[in-house]
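Observations on chain architecture
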Amino acid sequence: MKMISENKCFGGTQGVYTHASAATGCDMTFGLFLPDEARDGPVPLLWYLSGLTCTHENAMVKAGAQGWAAEQGIALVFPDTSPRGEGVADDEAYDLGQGAGFYIDATEAPWAPHFRMQSYILDELPQLLGAEFPIDPARQSITGHSMGGHGALTLSVKAPGRFRSVSAFSPICNPLGGEWGQKQFKAYLGDVDKGRDHDASLLIEANGLDIPILIDTGTEDQFANHLRTEALAEVLALRRLEATVRLQKGYDHSYFFVSTFMEDHVSFHAEALYA
(Lines give C-alpha, C1' and ligand atoms only; values in the text may rest on other atoms or scores of the structure.)
Protein backbone atom coordinates (compact mmCIF):
# COMPACT_ATOMS: atom_id res chain seq x y z
CA MET A 1 0.00 0.00 0.00
CA LYS A 2 1.22 3.50 -0.85
CA MET A 3 0.19 6.73 0.83
CA ILE A 4 -0.71 9.42 -1.73
CA SER A 5 -1.61 12.16 0.74
CA GLU A 6 -2.57 12.75 4.35
CA ASN A 7 -4.15 15.96 5.64
CA LYS A 8 -5.27 17.11 9.07
CA CYS A 9 -9.06 17.19 9.02
CA PHE A 10 -11.51 17.96 11.89
CA GLY A 11 -8.93 16.80 14.41
CA GLY A 12 -8.31 13.57 12.54
CA THR A 13 -6.64 12.61 9.26
CA GLN A 14 -7.98 12.45 5.72
CA GLY A 15 -5.76 10.12 3.75
CA VAL A 16 -5.64 8.87 0.18
CA TYR A 17 -3.97 5.53 -0.52
CA THR A 18 -3.35 3.22 -3.46
CA HIS A 19 -2.61 -0.49 -3.57
CA ALA A 20 -2.33 -3.39 -6.00
CA SER A 21 -5.64 -5.23 -5.96
CA ALA A 22 -5.87 -8.96 -6.52
CA ALA A 23 -9.65 -8.70 -6.91
CA THR A 24 -9.57 -6.18 -9.77
CA GLY A 25 -6.15 -6.96 -11.18
CA CYS A 26 -5.04 -3.33 -11.15
CA ASP A 27 -4.08 -0.55 -8.75
CA MET A 28 -7.00 0.77 -6.70
CA THR A 29 -7.26 4.08 -4.84
CA PHE A 30 -9.36 4.86 -1.77
CA GLY A 31 -9.82 7.70 0.68
CA LEU A 32 -9.93 7.07 4.43
CA PHE A 33 -10.84 9.53 7.16
CA LEU A 34 -9.70 8.56 10.64
CA PRO A 35 -11.06 10.57 13.58
CA ASP A 36 -8.84 11.66 16.46
CA GLU A 37 -10.08 8.69 18.54
CA ALA A 38 -8.25 6.33 16.19
CA ARG A 39 -4.98 7.27 17.91
CA ASP A 40 -6.20 5.42 21.02
CA GLY A 41 -7.59 2.28 19.41
CA PRO A 42 -9.95 0.80 16.81
CA VAL A 43 -12.94 2.91 15.74
CA PRO A 44 -16.19 2.08 13.91
CA LEU A 45 -16.20 2.34 10.12
CA LEU A 46 -18.78 3.83 7.75
CA TRP A 47 -18.46 2.90 4.08
CA TYR A 48 -19.47 5.47 1.46
CA LEU A 49 -20.02 4.09 -2.06
CA SER A 50 -20.13 6.70 -4.80
CA GLY A 51 -22.20 6.87 -7.98
CA LEU A 52 -21.72 6.81 -11.73
CA THR A 53 -18.71 8.73 -13.12
CA CYS A 54 -17.28 9.28 -9.62
CA THR A 55 -13.90 8.35 -8.16
CA HIS A 56 -12.85 8.07 -4.52
CA GLU A 57 -12.54 11.86 -4.50
CA ASN A 58 -16.10 13.10 -5.17
CA ALA A 59 -17.70 12.31 -1.83
CA MET A 60 -14.47 12.83 0.06
CA VAL A 61 -14.42 16.45 -1.12
CA LYS A 62 -18.12 17.29 -1.63
CA ALA A 63 -20.24 15.32 0.85
CA GLY A 64 -19.20 17.19 4.01
CA ALA A 65 -19.08 13.92 5.92
CA GLN A 66 -15.81 14.22 7.83
CA GLY A 67 -16.98 16.87 10.30
CA TRP A 68 -20.02 14.84 11.32
CA ALA A 69 -17.97 11.63 11.48
CA ALA A 70 -15.40 13.38 13.70
CA GLU A 71 -18.16 14.34 16.13
CA GLN A 72 -19.18 10.69 16.39
CA GLY A 73 -15.67 9.17 16.41
CA ILE A 74 -16.33 7.23 13.21
CA ALA A 75 -13.93 6.42 10.36
CA LEU A 76 -15.06 6.91 6.74
CA VAL A 77 -13.82 4.98 3.74
CA PHE A 78 -14.37 6.26 0.19
CA PRO A 79 -13.53 3.50 -2.34
CA ASP A 80 -13.32 4.11 -6.07
CA THR A 81 -16.30 3.09 -8.21
CA SER A 82 -14.45 0.79 -10.60
CA PRO A 83 -11.07 -0.52 -11.69
CA ARG A 84 -8.99 1.85 -13.80
CA GLY A 85 -5.77 2.06 -15.78
CA GLU A 86 -4.04 0.73 -18.82
CA GLY A 87 -5.49 -2.56 -19.99
CA VAL A 88 -8.77 -2.10 -18.10
CA ALA A 89 -11.81 -2.28 -20.39
CA ASP A 90 -13.85 0.87 -20.89
CA ASP A 91 -16.74 2.23 -22.94
CA GLU A 92 -17.49 5.63 -24.46
CA ALA A 93 -20.78 5.82 -22.53
CA TYR A 94 -20.68 7.36 -19.06
CA ASP A 95 -22.75 4.55 -17.55
CA LEU A 96 -20.59 1.57 -18.56
CA GLY A 97 -16.97 0.70 -17.91
CA GLN A 98 -14.58 2.81 -15.86
CA GLY A 99 -16.54 4.84 -13.33
CA ALA A 100 -19.51 2.47 -13.60
CA GLY A 101 -18.57 -0.74 -11.80
CA PHE A 102 -22.08 -1.19 -10.28
CA TYR A 103 -20.56 -3.09 -7.33
CA ILE A 104 -20.96 -6.50 -8.96
CA ASP A 105 -18.52 -9.13 -10.23
CA ALA A 106 -18.56 -9.28 -14.03
CA THR A 107 -18.53 -12.66 -15.75
CA GLU A 108 -18.34 -11.58 -19.40
CA ALA A 109 -15.56 -10.36 -21.69
CA PRO A 110 -14.00 -7.84 -21.76
CA TRP A 111 -15.12 -6.93 -18.23
CA ALA A 112 -14.52 -10.10 -16.22
CA PRO A 113 -10.75 -9.78 -15.61
CA HIS A 114 -11.05 -6.47 -13.75
CA PHE A 115 -14.64 -5.55 -12.94
CA ARG A 116 -14.98 -7.37 -9.62
CA MET A 117 -16.15 -4.58 -7.35
CA GLN A 118 -18.33 -6.81 -5.19
CA SER A 119 -15.34 -8.92 -4.21
CA TYR A 120 -13.22 -5.82 -3.76
CA ILE A 121 -15.68 -4.11 -1.40
CA LEU A 122 -16.81 -7.17 0.56
CA ASP A 123 -13.54 -9.10 0.78
CA GLU A 124 -10.28 -7.45 -0.22
CA LEU A 125 -10.58 -3.85 0.94
CA PRO A 126 -12.00 -4.74 4.40
CA GLN A 127 -9.04 -7.06 5.00
CA LEU A 128 -6.59 -4.36 3.95
CA LEU A 129 -8.21 -1.74 6.18
CA GLY A 130 -8.24 -4.07 9.15
CA ALA A 131 -4.58 -4.93 8.68
CA GLU A 132 -3.28 -1.40 8.11
CA PHE A 133 -5.52 0.89 10.16
CA PRO A 134 -7.18 0.99 13.61
CA ILE A 135 -10.60 -0.15 12.36
CA ASP A 136 -13.05 -2.23 14.42
CA PRO A 137 -14.29 -4.94 12.00
CA ALA A 138 -17.24 -5.75 14.26
CA ARG A 139 -18.66 -2.23 13.90
CA GLN A 140 -19.31 -1.37 10.27
CA SER A 141 -22.16 0.39 8.49
CA ILE A 142 -22.63 1.41 4.86
CA THR A 143 -24.13 4.22 2.81
CA GLY A 144 -23.93 5.45 -0.77
CA HIS A 145 -25.32 7.71 -3.47
CA SER A 146 -27.14 6.68 -6.65
CA MET A 147 -25.21 3.68 -8.07
CA GLY A 148 -23.46 3.64 -4.69
CA GLY A 149 -26.82 3.52 -2.95
CA HIS A 150 -27.62 0.47 -5.08
CA GLY A 151 -24.31 -1.00 -3.93
CA ALA A 152 -24.92 -0.22 -0.26
CA LEU A 153 -28.35 -1.87 -0.29
CA THR A 154 -27.42 -4.96 -2.32
CA LEU A 155 -24.15 -5.65 -0.51
CA SER A 156 -25.95 -5.37 2.83
CA VAL A 157 -28.23 -8.20 1.77
CA LYS A 158 -25.38 -10.27 0.31
CA ALA A 159 -23.26 -10.00 3.47
CA PRO A 160 -25.69 -10.62 6.35
CA GLY A 161 -24.21 -9.66 9.70
CA ARG A 162 -21.47 -7.50 8.16
CA PHE A 163 -23.15 -4.10 8.51
CA ARG A 164 -25.10 -2.76 11.48
CA SER A 165 -27.11 -0.28 9.41
CA VAL A 166 -27.53 0.86 5.81
CA SER A 167 -28.57 4.16 4.27
CA ALA A 168 -28.66 5.62 0.79
CA PHE A 169 -29.04 8.92 -1.01
CA SER A 170 -31.07 8.64 -4.22
CA PRO A 171 -30.31 4.92 -4.63
CA ILE A 172 -31.02 2.90 -7.76
CA CYS A 173 -33.65 0.77 -6.04
CA ASN A 174 -35.00 -1.44 -8.82
CA PRO A 175 -32.56 -1.55 -11.74
CA LEU A 176 -34.49 -4.25 -13.60
CA GLY A 177 -37.43 -1.84 -13.72
CA GLY A 178 -35.45 1.13 -15.06
CA GLU A 179 -32.74 2.08 -17.52
CA TRP A 180 -29.85 2.18 -15.03
CA GLY A 181 -29.09 -1.50 -14.59
CA GLN A 182 -30.39 -3.40 -17.59
CA LYS A 183 -27.62 -2.17 -19.88
CA GLN A 184 -24.94 -2.90 -17.29
CA PHE A 185 -26.27 -6.34 -16.34
CA LYS A 186 -26.40 -7.31 -20.02
CA ALA A 187 -22.79 -6.22 -20.54
CA TYR A 188 -21.23 -7.44 -17.29
CA LEU A 189 -23.27 -10.61 -16.73
CA GLY A 190 -24.34 -11.55 -20.25
CA ASP A 191 -28.06 -11.60 -19.45
CA VAL A 192 -30.33 -8.90 -18.06
CA ASP A 193 -32.25 -11.48 -16.01
CA LYS A 194 -29.08 -12.33 -14.07
CA GLY A 195 -29.42 -8.86 -12.59
CA ARG A 196 -32.14 -10.25 -10.33
CA ASP A 197 -29.33 -11.17 -7.95
CA HIS A 198 -28.22 -7.52 -7.89
CA ASP A 199 -31.54 -5.68 -7.66
CA ALA A 200 -32.12 -4.18 -4.19
CA SER A 201 -35.91 -4.41 -4.31
CA LEU A 202 -35.90 -8.02 -5.47
CA LEU A 203 -33.13 -9.05 -3.07
CA ILE A 204 -34.85 -7.51 -0.06
CA GLU A 205 -38.21 -8.96 -1.09
CA ALA A 206 -36.68 -12.43 -1.23
CA ASN A 207 -34.30 -12.26 1.73
CA GLY A 208 -35.34 -9.37 3.98
CA LEU A 209 -32.79 -7.09 5.62
CA ASP A 210 -32.69 -7.16 9.40
CA ILE A 211 -30.85 -3.89 10.07
CA PRO A 212 -32.03 -0.26 10.28
CA ILE A 213 -32.55 1.32 6.83
CA LEU A 214 -32.69 5.00 5.87
CA ILE A 215 -33.42 6.24 2.34
CA ASP A 216 -33.47 9.88 1.18
CA THR A 217 -34.49 10.90 -2.34
CA GLY A 218 -35.30 14.38 -3.64
CA THR A 219 -38.71 15.13 -5.12
CA GLU A 220 -36.97 17.01 -7.94
CA ASP A 221 -34.46 14.26 -8.70
CA GLN A 222 -33.92 14.40 -12.44
CA PHE A 223 -33.28 10.65 -12.57
CA ALA A 224 -36.37 9.55 -10.63
CA ASN A 225 -37.50 7.15 -13.37
CA HIS A 226 -34.15 5.35 -13.14
CA LEU A 227 -34.19 5.11 -9.33
CA ARG A 228 -37.69 3.64 -8.74
CA THR A 229 -37.85 4.53 -5.05
CA GLU A 230 -41.48 3.49 -5.01
CA ALA A 231 -40.60 -0.14 -5.77
CA LEU A 232 -38.30 -0.38 -2.77
CA ALA A 233 -40.76 1.42 -0.50
CA GLU A 234 -43.44 -1.10 -1.41
CA VAL A 235 -41.14 -4.03 -0.62
CA LEU A 236 -40.07 -2.55 2.71
CA ALA A 237 -43.71 -2.10 3.70
CA LEU A 238 -44.68 -5.61 2.60
CA ARG A 239 -41.79 -7.14 4.55
CA ARG A 240 -42.53 -4.95 7.63
CA LEU A 241 -38.88 -3.94 7.83
CA GLU A 242 -37.34 -1.30 10.10
CA ALA A 243 -36.97 1.42 7.50
CA THR A 244 -37.44 5.13 6.90
CA VAL A 245 -37.96 6.37 3.33
CA ARG A 246 -38.02 10.16 2.99
CA LEU A 247 -38.88 12.22 -0.08
CA GLN A 248 -37.10 15.53 0.41
CA LYS A 249 -39.09 18.36 -1.16
CA GLY A 250 -37.32 20.34 -3.86
CA TYR A 251 -34.00 18.46 -3.79
CA ASP A 252 -32.32 16.95 -6.84
CA HIS A 253 -29.63 14.31 -7.45
CA SER A 254 -26.59 16.48 -6.72
CA TYR A 255 -24.06 16.64 -3.90
CA PHE A 256 -25.86 19.75 -2.65
CA PHE A 257 -28.61 17.29 -1.71
CA VAL A 258 -26.21 14.73 -0.26
CA SER A 259 -24.34 17.26 1.88
CA THR A 260 -27.62 18.73 3.19
CA PHE A 261 -28.67 15.43 4.78
CA MET A 262 -25.26 13.95 5.56
CA GLU A 263 -25.51 14.84 9.26
CA ASP A 264 -28.74 12.85 9.49
CA HIS A 265 -27.14 9.80 7.91
CA VAL A 266 -23.97 9.85 10.01
CA SER A 267 -26.05 10.23 13.19
CA PHE A 268 -28.30 7.39 12.04
CA HIS A 269 -25.30 5.09 11.62
CA ALA A 270 -23.66 6.25 14.85
CA GLU A 271 -26.71 5.07 16.78
CA ALA A 272 -26.30 1.58 15.33
CA LEU A 273 -22.50 1.49 15.55
CA TYR A 274 -22.47 2.44 19.24
CA ALA A 275 -25.49 0.36 20.27
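Residues numbered from 1 in each chain as written. Predicted model: local features only at pLDDT ≥ 70, side-chain atom pairs only at ≥ 80, totals over all residues. Heavy atoms only, no water.

Some details on the overall build of the protein
Going by this rule: Comment: elements are numbered from the N terminus, with helices defined as DSSP H or I runs of at least four residues and strands as E runs of at least two. The size measure is the radius of gyration over C-alpha atoms, and the globule rule it meets is 2.2 Å times the number of residues to the 0.38 power. For every residue, the accessible area obtained with a 1.4 Å probe (protein chains only) is divided by the maximum for its type, and the residue is called buried under 20%, exposed over 50%, and partly exposed between those limits. Computed with a 1.4 Å probe, the accessible areas rest on the Shrake-Rupley method; for each residue, only the protein chains presented here act as cover. Charge assignment in this entry is limited to Lys and Arg as positive and Asp and Glu as negative, and neither His nor the chain termini are counted. To locate a charge, take atom NZ for lysine, CZ for arginine, CG for aspartate or CD for glutamate.
In terms of helices and strands, the protein carries nine helices and nine strands. Taking 275 residues into account, the globule formula puts the C-alpha radius of gyration at 19 Å, and the protein, at 17 Å, falls close to it. Each principal axis of the C-alpha atoms in the protein carries an extent, and together these give about 50 × 45 × 35 Å. Relative to its full complement of 275 residues, the protein shows a buried share of 60%. Only carbon and sulfur atoms are counted for the fraction: they give 48% of the accessible area of the protein, which is about 11300 Å². In the protein, the 19 positive side-chain charges and the 36 negative ones have mean positions that sit 3 Å from each other.

Considerations on the environment of Trp 111
Filter applied, for reference: Throughout, a residue-residue contact means that at least one pair of heavy atoms, one from each residue, lies within 4.5 Å.
Summarising the element assignment, Trp 111 is placed in the loop between β5 (75-79) and α3 (117-132). Relative accessible area serves as the criterion here: at 6%, Trp 111 is assigned to the buried category. In the structure, Trp 111 is positioned ten residues away from Gly 101 in sequence and 9.6 Å away in space, judged by C-alpha atoms. Sequence-distant contacts of Trp 111, that is, excluding residues within four places in its chain, are made with Ala 89, Asp 90, Asp 91, Leu 96, Gly 97, Ala 106, Ala 187 and Tyr 188.

What about the pattern of salt bridges?
We apply this condition: A pair is scored as a salt bridge if a Lys or Arg side-chain nitrogen falls within 4 Å of a carboxyl oxygen belonging to Asp or Glu.
For the structure shown, the criterion picks out eight salt bridges. Between Lys 183 and Asp 95 there is a salt bridge whose closest N-O contact spans 2.8 Å. In this pair, Lys 183 sits in helix α5 (residues 179-189) while Asp 95 sits in the loop between β5 and α3, placing the two residues 88 residues apart along the sequence. Owing to a relative accessible area of 35%, Lys 183 belongs among the partly exposed residues under this scheme. On the accessibility criterion, Asp 95 (10% relative accessible area) is buried. One connected set of salt bridges, linked through shared partners, spans Asp 216, Arg 246 and Asp 264.

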